[in-house]
Amino acid sequence: MNLKKSYYTSFVITIIFVLSGCTRNNGDIGDYFGEWRLDKLTADGIEMPIYDSGNEVVLYTWAFHGKIIRINTVYVHHHVENSFGSWLEDGDILELEFSYHDDIEDNMGMYTPPVALHLNSGGITRLHIDKMKDRYMILSQISNGIEYTYHLKRPY
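Participant: Tell me about the nonpolar core, and please be specific about residues and values.
Facilitator: Core analysis: the largest hydrophobic core is formed by 26 residues, its most contacted members being Trp62, Phe64 and Tyr150. Secondary-structure elements contributing two or more residues to this core are β1 (34-43), β3 (57-65), β4 (68-75), β6 (93-97), β7 (124-133), β8 (136-143) and β9 (146-153).

In structure tokens form, the structure reads like this:
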């Protein structure tokens, strides 16, 4: 791996994020802006143990900025993994796309959502917006015959 190429790629990614700002040049994304905590995930109405005491994951957050979504997975001892994709709202549907990649070997998981969230890791996940009010958002999807419901809340 060429160190110069790695710095160049990091620089380009940084510039992309800076130029895709959230509140400038018609970039206001309204109610989605900021970070959301995944409080609960259910499968066919049964709560999944995403924060089980035996689980190493202590928190999932979803952050919307411009057209970029970042899902953070926070582990015990404050280790964090980031997953990047894009998002688009179309009426009552929120589309999340995780089909991006680059040629940096260490970044292979950077564009893959956490497996525990049951989001499409090679394409688009279409989530129905069941509720979006103030600090709460409830999204749902049917995948492999199972209805997953995501309960998200603003931490502030």
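Participant: Give a description of the packing of aromatic side chains that names residues and reports values.
Facilitator: Going through the model one piece at a time under the given rule, you end up with five aromatic pairs. Pairing Tyr32 with Phe64 gives two aromatic rings, centres 5.4 Å apart and planes at 50°, and the pair type is tilted. Residue Tyr32 is located in the loop between α1 (3-19) and β1, and its partner Phe64 is located in strand β3; the two are separated by 32 residues in the primary sequence. Comparing Tyr32 with Phe64 shows no difference in burial state: the two are buried. Measuring from ring centre to ring centre gives 6.0 Å for Tyr51 and Tyr60, while their planes differ by 35°; the resulting arrangement is tilted. Using a relative accessible area of 23% as the deciding quantity, one classes Tyr51 as partly exposed. Residue classification places Tyr60 among the buried positions, given a relative accessible area of 3%. Through pairs of rings, three or more aromatic residues link up here, namely Tyr32, Phe64 and Trp87. The ring centre of Tyr51 lies 5.4 Å from the NZ or CZ of Arg37, which sits over that ring.

Conventions used here
Residues numbered from 1 in each chain as written. Predicted model: local features only at pLDDT ≥ 70, side-chain atom pairs only at ≥ 80, totals over all residues. Heavy atoms only, no water. Core = buried A, V, L, I, M, F, W, Y, C linked by side-chain atoms within 4.5 Å. Buried < 20%, exposed > 50% of the residue type's maximum accessible area, 1.4 Å probe, protein only. Helix = DSSP H or I, 4+ residues; strand = E, 2+ residues; numbered from the N terminus. Phe/Tyr/Trp six-rings, centres within 6.5 Å; stacked < 30°, edge-to-face > 60°. Lys NZ or Arg CZ within 6 Å of the ring centre and 35° of its normal.

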